[in-house]
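# Fold and geometry: a report
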2 protein chains.
Amino acid sequence: MNEKIKWLREKLRGLNMQGMIVSNPVNIKYLTGIDAEGTLLITRKENHYITDSRYLEEVQSVLTIDDEIIVHNFCDISSYDYENFFSFCENVGFEENYVTYATYKLYMHLYKANNLEETEKILEKQRMIKDEKEIELIQKACNLTDDCFTHLLSYIKIGMTEKQIVNEIEKYFLEHGADGPSFETIVASGKNSSKPHAKSTEKQIEAGDPITIDFGCKYKGYCSDMTRTIFAGYLPAKMKQVYDLVLKNQLQTEKDMKEGASIRILHKNVENDFRLNGYTLDHSLGHGVGLEIHELPYISAKNDNLLKANMVVTNEPGIYLPGEFGIRIEDTVLITKSGCINLTKSEKNDIIVDRKEELFK
Amino acid sequence: MNEKIKWLREKLRGLNMQGMIVSNPVNIKYLTGIDAEGTLLITRKENHYITDSRYLEEVQSVLTIDDEIIVHNFCDISSYDYENFFSFCENVGFEENYVTYATYKLYMHLYKANNLEETEKILEKQRMIKDEKEIELIQKACNLTDDCFTHLLSYIKIGMTEKQIVNEIEKYFLEHGADGPSFETIVASGKNSSKPHAKSTEKQIEAGDPITIDFGCKYKGYCSDMTRTIFAGYLPAKMKQVYDLVLKNQLQTEKDMKEGASIRILHKNVENDFRLNGYTLDHSLGHGVGLEIHELPYISAKNDNLLKANMVVTNEPGIYLPGEFGIRIEDTVLITKSGCINLTKSEKNDIIVDRKEELFK
């Protein structure tokens with residue numbers, strides 16, 4: 001049986017659960033490598049994966065004998081079989097944050113389990129700590145993102161539209177071996193940069209615009225996430241001042257992030273420094289990155305936990321001035337016992353593209 | 001108040017529900033045009049949309065006074081406000097097929113509604129019938145898909161990999177004004193075509209390969225979906241025979257699809273003809289297309305409903321021979337009172353790309 005499933009079984013035992021229904025496909029991919037539609041059952045002694053004919057060939061090609069997972073076509077399972085999976089189980093876990101109310105009722109009906117128990121993100125919490133293989137894939141996705149950024153610095157010109165730059169980024173990823181973008185690429189210029197989750201538009205880049213580029217790719221299922229705010233033509237004085245404040249806090253957070261650091265305090269420190277300078281931290285400081293672009297842990301003032309070694313999180317302070325502009329600088333970062341390692345390594349000092357010397361004052 | 005929300009209110013009244021919590025963002029986009037994260041509350045007399053600071057600017061820019069939707073930042077809502085939204089409501093609907101078990105429990109706690117009632121896909125059913133504007137957007141997405149297919153016929157050459165063709169398709173969509181692909185593009189050649197939901201690989205196209213291309217794009221949120229199986233170099237005799245059988249059934253279904261046609265019988269007819277010829281119909285015959293790539297109605301033997309005018313569905317019979325090859329031909333189709341209109345219009349007779357005369361026997 002693979003290590004990840006062994007770990008889960010151990011954990012379930014501690015919670016006095018004799019089985020679990022795993023429904024979230026991301027959690028199933030994490031545990032088994034299977035990338036399909038189906039349900040994984042961790043029963044008293046066995047592991048079962050129930051899928052349909054569309055995925056049988058694919059699933060069989062991913063699993064090996066060592067996985068110890070019995071694969072079923074759901075058509076072949078009788079109501080009697082369903083009832084037997086969890087016989088003699090007192091408590092069976094389910095994913096209350098993934099499973100719909102309708103599916104919960106269906107599970108109650110199908111499995112006739114004595115007690116379906118909430119598992120409180122047990123697998124999402126397990127996924128926070130990455131193993132070597134996972135870190136390698138995230139590093140690969142981050143390298144592609146850095147390379148793409150280098151390409152953009154010579155590509156971006158005044159007069160291009162935001163969408164044009166988005167397309168270039170997504171083409172770059174496809175042409176260089178990524179699975180695709182890890183989320184909807186953001187290129188937001190001028191006033192549009194004042195929204196933390198801006199949508200890219202047909203707006204053209206103008207001289208004096210900040211351009212916030214928030215992008216990343218997936219590589220073999222694992223995500224990267226990076227933001228740089230760069231400037232077109234020249235860098236206006238007020239933006240430079242805000243940029244320096246954001247960068248100072250991004251670098252300070254980088255120094256502070258390590259095993260044992262309080263997530264709440266990391267967030268609070270940036271919040272306080274922004275406030276001292278007359279600004280606010282309107283968006284959380286970061287989030288976990290892995291098979292999903294946003295996963296645990298969330299780096300926010302509400303999180304009372306400590307960072308642990310082998311977490312991969314973002315470090316992304318930003319200042320957003322509605323109607324004016326926004327600045328965000330973000331890296332994907334690996335937490336270690338003694339500090340953190342930036343997995344994205346692109347230049348963070350302010351960069352001006354398509355520089356217009358005549359516009360400097 | 002907009003027509004779609006009026007329609008929903010009418011429907012709720014008929015179900016003796018005095019309000020509804022709409023949580024599915026696709027349903028919210030359908031009702032309001034809002035493309036964000038938040039919750040729409042249809043209360044006794046008002047409509048409320050609760051979101052967070054990230055989306056406030058965006059949401060306000062989409063809504064007009066005529067929408068009659070009051071927008072809230074969730075930070076500003078007290079527990080007292082939550083309890084008041086549905087005061088004097090006997091039954092409040094919720095989306096049991098979208099809302100997780102955990103969220104259901106949260107709603108019970110927050111809104112203190114007397115009775116949260118399952119709404120049985122009320123909005124998904126409303127979305128089956130498209131209005132003029134929606135049909136126009138789907139037609140636009142289908143046109144882009146047809147144009148892309150024309151481009152592919154001269155682009156695809158023996159020796160290219162499946163992934164290379166996928167990239168070309170996705171680049172084409174981005175460069176021609178689509179939002180992006182409407183689902184993970186499938187290019188499956190040779191034996192790989194025998195899986196209905198194949199993943200594209202680094203396999204090279206070989207002479208004599210069938211190439212199943214299943215693709216579509218989104219245009220302003222609305223999807224297209226088309227499949228063509230084409231042939232590289234030459235067309236082997238057995239494949240030609242299966243191709244002709246699939247095409248015959250695709251054309252027959254096209255003739256039969258109209259308002260009032262029994263979905264079950266449409267499916268059964270193809271199933272029977274395949275069986276008569278020694279094959280099976282292993283995959284359902286089609287599905288609705290709209291804001292989502294797969295939506296109601298599903299064209300399968302289990303669906304006892306009739307087609308209605310202004311539904312948009314796919315017509316996609318396929319034969320899959322594991323270890324050998326597969327053939328699928330699919331159009332996106334608009335149902336009318338008297339028949340159906342293909343919204344995708346690409347050539348359906350067998351096409352050979354990169355033709356090798358010397359390989360013909």
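Residues numbered from 1 in each chain as written. Chains lettered and ligands numbered in written order. Predicted model: local features only at pLDDT ≥ 70, side-chain atom pairs only at ≥ 80, totals over all residues.

### A few points about the sheet that holds strand β6 (residues 116-118) of chain A
Residues and elements named next belong to chain A. The line we're drawing: Each pair of strands is called paired provided DSSP finds at least two bridges between the two strands. Helical segments are the DSSP runs of H or I of at least four residues, strand segments are the runs of E of at least two, and each set is numbered from the N terminus. Here, axes are lines fitted to C-alpha atoms. For helices the fit covers the stretch in contact, and angles between N-to-C directions go from 0 to 180 degrees. Any residue pair is listed as a contact if its two C-beta atoms, each placed from the backbone, are within 7 Å.
Spatial ordering of the open sheet is given by β4-β3-β2-β1-β5-β6, a layout of six strands whose pairing is mixed. Both edges of this open sheet fall to β4 (69-73) and β6, since each of them pairs with a single strand only. Each strand axis lies, on average, 25° off the axis of its neighbour in the sheet, ignoring direction. As defined by bridge partners, strand β1 (residues 19-22) adjoins strand β5 (residues 92-94) across two bridges and the pair is classed as parallel. From the neighbouring strand, Gly 19 faces β5, where its bridge partner is Val 92. Helix α1 (residues 3-14) contacts β1, β2 (39-42), β3 (47-51) and β5 of the sheet and is inclined by roughly 55° relative to β2. Here helix α3 (residues 53-62) sits on the sheet and contacts β3 and β4; the angle it forms with β4, its principal contact strand, is near 155°.

### Some thoughts on the interface of chain B and chain A
Size of an interface, as often reported, equals the accessible area lost when the parts are brought together. Threshold: Following the grouping adopted for this structure description, the nonpolar residues are Ala, Val, Leu, Ile, Met, Phe, Trp, Tyr, Cys and Pro, the charged ones are Asp, Glu, Lys and Arg, and the polar ones are all others, Gly among them.
With 22 residues of chain B at the contact, the number on the chain A side is 22 residues. Those elements that place two or more of their residues in the side of chain B that touches chain A are α3 (53-62), α5 (101-111) and α8 (162-175) of chain B. Ranked by residue count, the leading element in the side of chain B that touches chain A is α8(B), at five residues. In the side of chain B that touches chain A, the residues fall into eight nonpolar, five polar and nine charged.

### A short note on the environment of B:Lys356
Residues and elements named next belong to chain B. Which entries qualify depends on this criterion: The exposure scheme places C-beta atoms from the backbone and then counts, for each residue, the other C-beta atoms within 10 Å of its own, assigning buried at 20 or more, exposed at 12 or fewer, and partly exposed in between.
Within the element layout of this structure, Lys 356 appears in the segment after β20 (352-353). Take Lys 356: there are 13 C-beta atoms within 10 Å of it, and that puts it in the partly exposed class. Taking the C-alpha atoms as reference points, Lys 356 and Gly 208, separated by 148 residues in sequence, lie 9.6 Å from one another. Not counting chain neighbours up to four residues away, the residues in contact with Lys 356 comprise Ala 207, Gly 233 and Tyr 234.

### A few points about the environment of B:Thr227
All names here are of chain B. Among the secondary structure elements, Thr 227 is positioned in strand β12 (residues 226-232). The buried category is assigned to Thr 227, around which 22 C-beta atoms lie within 10 Å. The spacing of Thr 227 and Asp 350 is 123 residues in sequence and 13 Å in space, taken between C-alpha atoms. The contact partners of Thr 227, leaving out residues within four places of it in the chain, are Thr 212, Ile 213, Asp 214, Glu 316, Arg 328, Ile 329 and Glu 330.

### Let's talk about the domain arrangement of chain A
Residues and elements named next belong to chain A. Under the convention used in this document: Boundary definitions for the domains trace back to an automatic or database domain assignment.
Partitioning chain A into domains gives domain 1 (3-126) and domain 2 (129-359). For domain 1 versus domain 2, the distance between C-alpha centres works out to 36 Å. Each partner contributes residues to the interface: domain 1 has six residues there, and domain 2 has five residues. Of all elements in the fold, only α2 (25-32) and α6 (122-128) reach the threshold of two or more residues within the side of domain 1 that touches domain 2. Of the residues belonging to the side of domain 1 that touches domain 2, the class tally is two nonpolar, no polar and four charged.

### Brief notes about the sheet that holds strand β10 (residues 217-219) of chain B
All names here are of chain B. The sheet built from three strands is open, its strands ordered β7-β10-β11 with antiparallel pairing. Every interior strand has two partners, whereas the edge strands, β7 (180-181) and β11 (222-223), have only one. With two bridges joining them, β10 and β11 adopt antiparallel strand pairing. The partner of Tyr 219 across the bridge, within β11, is Tyr 222. Packed onto the sheet, helix α7 (residues 132-155) meets β10 and β11 and runs at close to 140° relative to β10.

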